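Fold and contact review
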Amino acid sequence: MNSHQYDAIVVGSGISGGWAAKELCEKGLKTLVLERGRQVEHLKDYSTMTAAPWEMPHRNQIPLEDKKANPVVNRCYAYKEDTAHFFVKDQDHPYLQEKPFDWVRGYQVGGKSLIWARQTQRWSKYDFEGPGRDGFAVDWPIRYEDIAPWYSYVERFVGISGSYEGLDTLPDGEFLPAWEMNCVEKEIQERILKAYGDRKFIIGRCAHLTQPKDVHLQQGRGQCMARNQCYRGCPFGGYFSSNSSTLPAAAKTGNLTLRPDSVVHSLIWDEKKEKVTGVRVIDRVTKEATEYFTKVIFLNASALNTNLILLNSTSSRFPNGLGNDSGILGKYIAFHNYRGSLSAGFEGFEDKYYFGRRPTAVMLPNFRNVHKQEMDFQRGYMSFYSAGRGGWGGAGDMNFGADFKEASAKPGPWHVFMMMQGETIPKESNFVSLSQDQKDEWGIPLLKVSVDYDENDELLLNDFLEQGEEMLSKAGCFNIRKTDSKQSPGLDIHEMGGVRMGRDPETSLLNGFNQMHLAPNVFVSDGACMTSTGTQNPSITYMALTARAVDYAVAALKRNEIG
Ligand SMILES: Cc1cc2nc3c(=O)[nH]c(=O)nc-3n(C[C@H](O)[C@H](O)[C@H](O)COP(=O)(O)OP(=O)(O)OC[C@H]3O[C@@H](n4cnc5c(N)ncnc54)[C@H](O)[C@@H]3O)c2cc1C
């Protein structure tokens, strides 16, 4: 048992688990990170990192057989031949969809931090005030001021590129130099700003080292070269991942034990001590069961897996899942509404082009229901656009030769693409639960997902499509086409909730420091903790909440309040 005793245990080594590991280790705690997937070492295990297109047996396409066998993951735009090894295949890890839900997962050291799109925006005060003001979910137990210093703390280490804009709907952070808009994006930005006065599109903020600082160089990371092949793992460490950044920092302290291939089955509730004392683990490969013991646990297995682990942590004290006296564990799951997009043409600037690639788009903070409830739907959406020139096939049916070569090298007309990221309202009727009769190969009940859109989502989607059309038309775009992808919830890959934060144990599972009301040495700081979704990409908020929660947990340990 002694060899299985640690000061702290972190479940999951993805974006939030990497942060928990780094912070706990740097504060001197002997920390065990349990990761269900295989080891992925920075650089060494990025097998396609520098592969050329002709080295891909299927020219980077996914074979039909794989598409048929794994329809869910194949709907994710980033699942390609060069990245497939970082995604979970449906057939390897089944789950039950009571309603259609695309659950996209990455089970390996680093989790989805290897394959995320790296867009990072702070929440604003309006986002934290939203549920309390508009009367949905429960009031957040924290406000923007509580988390702002922690955003700064993680941004400095991660390296976020962005422009300083002074917008109260999207607070500025600690930025590295911003990426640049191209000439048409700038023109559209100016025209929309002129037309509306307050709709200012800005360059996207993202976790890329545009100009690394010492803190990044010390991590062994270098400047982003805009290869835009990030999902393969970056040879420069140019974007943030647990593998390139937080896990090495944790290892540097000498306090980290990382145990891949360790599937956490449940947490152990000691009936006599009346507290959680450890975790049960099944070895991924041998299926051998083990237990590890600790004073404090951070659950960072990703939103729905953290729900699963807690629901599966039953005892006579907690027959319905750990800390679940209120019966709300697994409920109030929410996500981001990505259904709406528009495409359009843009005339002019035919003599202009742009240089290189860019790992971000242009974005507009939410402008609906910000200062007060004013629409016939609740909350709002963030909008993104980008402009580019495609259609390099100008040669048509010309013969070979110099003319053909010249015509082929001419870019086609400008086109614009716009998309939404809408807030959804957490509801009791959107929930996850455990199958009573079906288990996976590690003996863990399958997760059942019952999550759907509602009327509010439809109204919000229609408003985005109308407003998007109006904005693009005022910007001089033509041939504007609106699309409702009708995609299932989940494909946004921003699933949140189920173990929400709040003030009252009757209506929430975690307090304002991500600590379980009824199991105070257990902290949940991945997406499961989210009381509402905001309109921002969520991961930077998970990172800030995690660093803040560790700071609180370690102080509480020192005061002997927990552990
Ligand atoms: C294609 C794509 C694009 C995205 N783009 C963005 C973006 O631009 N911005 C943004 O903010 N977010 C984005 N996301 C979402 C982002 O990846 C997640 O929000 C983030 O990774 C969540 O962090 P996490 O620590 O909760 O989970 P993860 O990073 O998924 O890590 C969880 C880890 O826990 C492990 N685990 C699970 N269950 C167990 C268990 N029982 N025992 C042990 N280990 C377990 C998993 O194997 C995994 O390694 C994107 C995701 C994808 C796939």
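Cut-offs and rules
- Residues numbered from 1 in each chain as written.
- Predicted model: local features only at pLDDT ≥ 70, side-chain atom pairs only at ≥ 80, totals over all residues.
- Heavy atoms only, no water.
- Axes fitted to C-alpha atoms, helices over the stretch in contact; angles between N-to-C directions.
- Helix = DSSP H or I, 4+ residues; strand = E, 2+ residues; numbered from the N terminus.
- Parallel < 35°, antiparallel > 145°, perpendicular 65-115°, else oblique.
- Contact = heavy atoms within 4.5 Å.
- Nonpolar A, V, L, I, M, F, W, Y, C, P; charged D, E, K, R; others polar.
- Buried < 20%, exposed > 50% of the residue type's maximum accessible area, 1.4 Å probe, protein only.
- Pairing = 2+ DSSP bridges.
- Right-handed = clockwise from strand over helix to strand, strands pointing away.
- 1 Å grid on protein atoms, 1.4 Å probe; cavity = no way out; pocket = protein on both sides within 12 Å on 5 of 7 lines; lining within 4 Å.
- Points joined across faces, edges and corners; volume = space filled by probe spheres on them.
- Phe/Tyr/Trp six-rings, centres within 6.5 Å; stacked < 30°, edge-to-face > 60°.
- Expected span 1.5 Å × (residues − 1).
- Arc of directions from axis to C-beta.
- Polar contact = N/O pair within 3.5 Å; in protein donor to acceptor, adjacent residues only side chain to side chain.

1. Structural notes on the packing of helix α5 (residues 144–158) against helix α12 (residues 539–558)
Relative orientation of the contacting elements α5 and α12 amounts to 110 degrees, with a least axis distance of 8 Å. With respect to each other, α5 and α12 are oriented roughly perpendicular. Residues Asp146, Ile147, Trp150, Tyr151, Tyr153, Val154, Glu155 and Val158 of α5 form the contact with α12, whose own contacting residues are Ile540, Thr541, Met543, Ala544, Leu545, Ala547, Arg548 and Asp551. Across the contact of α5 with α12, the residue classes tally to 11 nonpolar, 1 polar and 4 charged.

2. Brief notes about the pairing of strand β2 (residues 31–34)
The side-chain alternation of β2 yields two buried faces, one formed by Thr31 and Val33 and the other by Leu32 and Leu34. Of the pairings in the sheet, the one linking strand β1 (residues 5–11) to β2 comprises 4 bridges and is parallel in character. Across the sheet, Val11 pairs through a bridge with Leu34, a residue of β2. Handedness of the crossover is the feature at issue here: the chain leaves β1, passes through helix α1 (residues 15–26), returns alongside β2, and the resulting connection is right-handed. In this sheet, strand β7 (residues 256–259) lies alongside β2 in parallel orientation, the contact comprising 4 bridges.

3. Notes on empty space enclosed by the protein
Enumeration over the complete set of coordinates arrives at 3 cavities of 30 Å³ or more. The calculated volume of the largest cavity comes to roughly 100 Å³. For the lining of the largest cavity, the residue count by class is 5 nonpolar, 6 polar and 3 charged. What lines the second largest cavity is a set of 13 residues, among which Cys224, Arg227, Asn228, Cys230 and Cys234 lie closest to the centre. Looking at the lining of the second largest cavity, its residues break down into 8 nonpolar, 4 polar and 1 charged.

4. Things to note about the layout of surface pockets
Space inside the second largest pocket adds up to approximately 320 Å³. Forming the walls of the second largest pocket are 15 residues, and the residues nearest its centre are Val88, Asp92, His93, Tyr107 and Arg284. Residue classes in the lining of the second largest pocket are distributed as 5 nonpolar, 4 polar and 6 charged.

5. Observations concerning the packing of aromatic side chains
Per the counting criterion, the structure on display carries 26 aromatic pairs. Ring geometry for Tyr77 and Tyr231: centres 6.0 Å apart, planes at 85 degrees, overall edge-to-face. In this pair, Tyr77 sits in the loop between α3 (71–74) and β3 (96–97) while Tyr231 sits in the loop between α7 (214–217) and α8 (242–252), placing the two residues 154 residues apart along the sequence. Plain terms: the ring middles of Tyr164 and Phe175 are 5.0 Å apart, the flat faces sit at 50 degrees to each other, and that makes the pair tilted. One end of the pair, Tyr164, is in the loop between β4 (160–161) and β5 (175–176); the other, Phe175, is in strand β5, with 11 residues separating them in the sequence.

6. Things to note about helix α6 (residues 183–196)
It helps to recall that an α-helix has 3.6 residues per turn; residues three or four apart then point in one direction. The terminal C-alpha atoms of α6, which comprises 14 residues, lie 20 Å apart, in line with the 20 Å expected from a rise of 1.5 Å per residue. Val184, Glu185, Ile188, Gln189, Ile192 and Tyr196 are the residues of α6 that are buried. Relative to the axis of α6, the buried residues are bounded by an arc of 140 degrees and lie together on one face. Those residues of α6 that are exposed and angled more than 90 degrees off the buried face are Glu190 and Lys194. Residues of α6 that are buried in the fold lie against β13 (340–346), β14 (362–364), β15 (381–389), β16 (414–423), α11 (455–474) and β19 (477–484). Measuring from the backbone nitrogen of Val184 back to the side-chain oxygen at the start of α6 gives 3.2 Å, which picks out Asn182 as the cap. Downstream of α6 by one or two residues, Gly197 has phi in the positive range, about 85 degrees.

7. What about unusual backbone geometry?
Positive phi outside glycine occurs at Tyr332, with the angle close to 65 degrees. Of note, Tyr332 is situated in strand β11 (residues 331–334). On the accessibility criterion, Tyr332 (16% relative accessible area) is buried. Of note in this structure, Asn514 is not a glycine but carries a positive phi near 65 degrees. With respect to the secondary-structure elements, Asn514 resides in the loop between β20 (496–498) and β21 (515–516). The class of Asn514 is buried, set by a relative accessible area of 0%.

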